[in-house]
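Listed below, chain by chain, are the residues.
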Amino acid sequence: MGYSPRYHAASLVAVFLALAVGILIGAGLGDDLVSGTEENLRESLEGDIEQARGEADELSAELERERAFSSSAYPALVGDLLAGRRIALLAYGELSPELAGDIENALEPTGGELVEVAVVRRPPDPSALASELGPGSAAALEQGTAELERLGDVLGEQFALGRGRLLSRIRDNLFSRSSGEGGRLQGVILTRAPLGDLDGEDRANADALETGLTTGVVDSGVTSVAVERSDASESSIGFFAPFELATVDSVDLVSGRVAMVLALRGADGSFGIKDSAGSLLPELLTPSGREGGGS
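> In this structure, what is going on with the packing of helix 5 (residues 145-161) against helix 6 (residues 165-174)? I would like to understand it.
Think of two packed helices as two axes; the pair is described by the angle between the axes and how far apart they sit. Between helix 5 and helix 6, the shortest axis-to-axis distance is 10 Å and the interhelical angle comes to 110 degrees. When the interaxial angle is binned, helix 5 and helix 6 end up roughly perpendicular. Judged by residue contacts, L151, V154, L155, Q158 and F159 of helix 5 engage R165, L166, L167, I170 and L174 from helix 6. Class assignment for the residues of the contact of helix 5 with helix 6 results in eight nonpolar, one polar and one charged.

> Looking at this model, I keep getting lost on the pattern of salt bridges. Mind explaining?
Close approach of charged atoms allows side chains of opposite charge to pair. All told, the structure shown has ten salt bridges when counted by the stated rule. Across the pair R257 and D102 runs a salt bridge whose closest N-O atoms are separated by 3.4 Å. With R257 in helix 9 (residues 254-264) and D102 in helix 2 (residues 97-107), this pair connects stretches of sequence that are 155 residues apart. Here R257 matches D102 in class, with each residue buried. With its nearest N and O atoms 2.5 Å apart, the salt bridge here joins E147 to R150. Residue E147 and its partner R150 are both found in helix 5; the two are separated by three residues, about one turn of the helix. The exposure class of R150 is partly exposed, given its relative accessible area of 48%.

> Where do I start with the nonpolar core in this structure?
One broad trend across soluble globular proteins is that nonpolar side chains are buried collectively. If you look at the biggest cluster of nonpolar residues, it comprises 32 residues, and the most contacted ones within it are L90, F159, L174 and V188. Of all elements in the fold, only strand 1 (86-92), strand 2 (113-120), helix 5, helix 6, strand 4 (187-192), helix 7 (200-219) and helix 8 (237-240) reach the threshold of two or more residues within this core. No other element matches the six residues that helix 5 contributes to this core. L89, L99, A106 and V119 belong to the second-largest nonpolar core, a separate cluster that totals 30 residues.

> I tried to follow the packing of aromatic side chains on my own but got confused; where do I start?
Throughout the structure, instances matching the rule amount to four aromatic pairs. Geometrically, the ring pair formed by Y92 and F240 is stacked, given 6.3 Å between the ring centres and 25 degrees between the ring planes. Remark: F240 occurs in helix 8 and Y92 occurs in strand 1; sequence separation between them is 148 residues. Across this residue pair, the class does not change: Y92 and F240 are buried. With centroids separated by 6.2 Å and ring planes inclined at 70 degrees, the aromatic side chains of F159 and F175 adopt a geometry described as edge-to-face. With F159 in helix 5 and F175 in strand 3 (residues 175-180), this residue pair connects regions lying 16 residues apart in the sequence. As far as burial versus exposure is concerned, F159 and F175 are alike and both buried. Here the aromatic cluster, defined as three or more aromatic residues joined through ring pairs, consists of Y92, F239, F240 and F243. Its guanidinium or amino end placed over the ring of F239, R192 lies 3.7 Å from that ring's centre, counting from NZ or CZ.

How each quantity is defined
Residues numbered from 1 in each chain as written. Predicted model: local features only at pLDDT ≥ 70, side-chain atom pairs only at ≥ 80, totals over all residues. Heavy atoms only, no water. Axes fitted to C-alpha atoms, helices over the stretch in contact; angles between N-to-C directions. Helix = DSSP H or I, 4+ residues; strand = E, 2+ residues; numbered from the N terminus. Parallel < 35°, antiparallel > 145°, perpendicular 65-115°, else oblique. Contact = heavy atoms within 4.5 Å. Nonpolar A, V, L, I, M, F, W, Y, C, P; charged D, E, K, R; others polar. Salt bridge = Lys/Arg side-chain N within 4 Å of Asp/Glu carboxyl O. Buried < 20%, exposed > 50% of the residue type's maximum accessible area, 1.4 Å probe, protein only. Core = buried A, V, L, I, M, F, W, Y, C linked by side-chain atoms within 4.5 Å. Phe/Tyr/Trp six-rings, centres within 6.5 Å; stacked < 30°, edge-to-face > 60°. Lys NZ or Arg CZ within 6 Å of the ring centre and 35° of its normal.

Set out below in structure tokens:
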């Protein structure tokens, strides 16, 4: 049987209609498939996020329990380890309330007494410092950092030993503020603020004087330790590293407080959580090393 033009046209229409219906059905199924995939992915991600939040909450609670335990155990760890010892705090540049509070809290259960807190003026004023010296010494002091470092050496030793007329005369020009009775010490805690925007002669003078002061404290034979907070904007451990004294980079943490107390008992090393630290804590809870400074 032959095909008429009308039949042929009708066939073409039927084919195109079938194609159109197929495209519409396929598009609908595709949308459903994509929509379903998106829904499954969203539900999966939401489940993962919820699980992660739950794990984070558990870890946070566990960390809080550990902190509470550490704080509760701290007095038992350090109780009376510094009984009867006179401790001073010597800060270079400035002393933040947070750092001062950390040190005071660390010493509280030890039996040690914080008898003096002094903040070294920055930048130092060589002319003002020289006003209490003889004419020859004054001229030398104003000419270079070497004499300023030597002066710091003498003043640091007198500070630690609690005696010396020079420190008494020069105190008001050396310190921006100080409190306490001073006197013979059995421990010195050192801190150093960043030099900040000091440059040129001011920076060199501050570095020289503080280097001299540190040398004098260490050479006095009184046990000393340099400390900072774990969140210090700029670490001072590198400055103190060349000197023969212990350092603690996290005195705001319980582990750092324990390390500071043990360092004041004579433990040597660099303790804390930063890359500069050799270990978190001294090996022994009550080290038998040098006591330093006498009692």
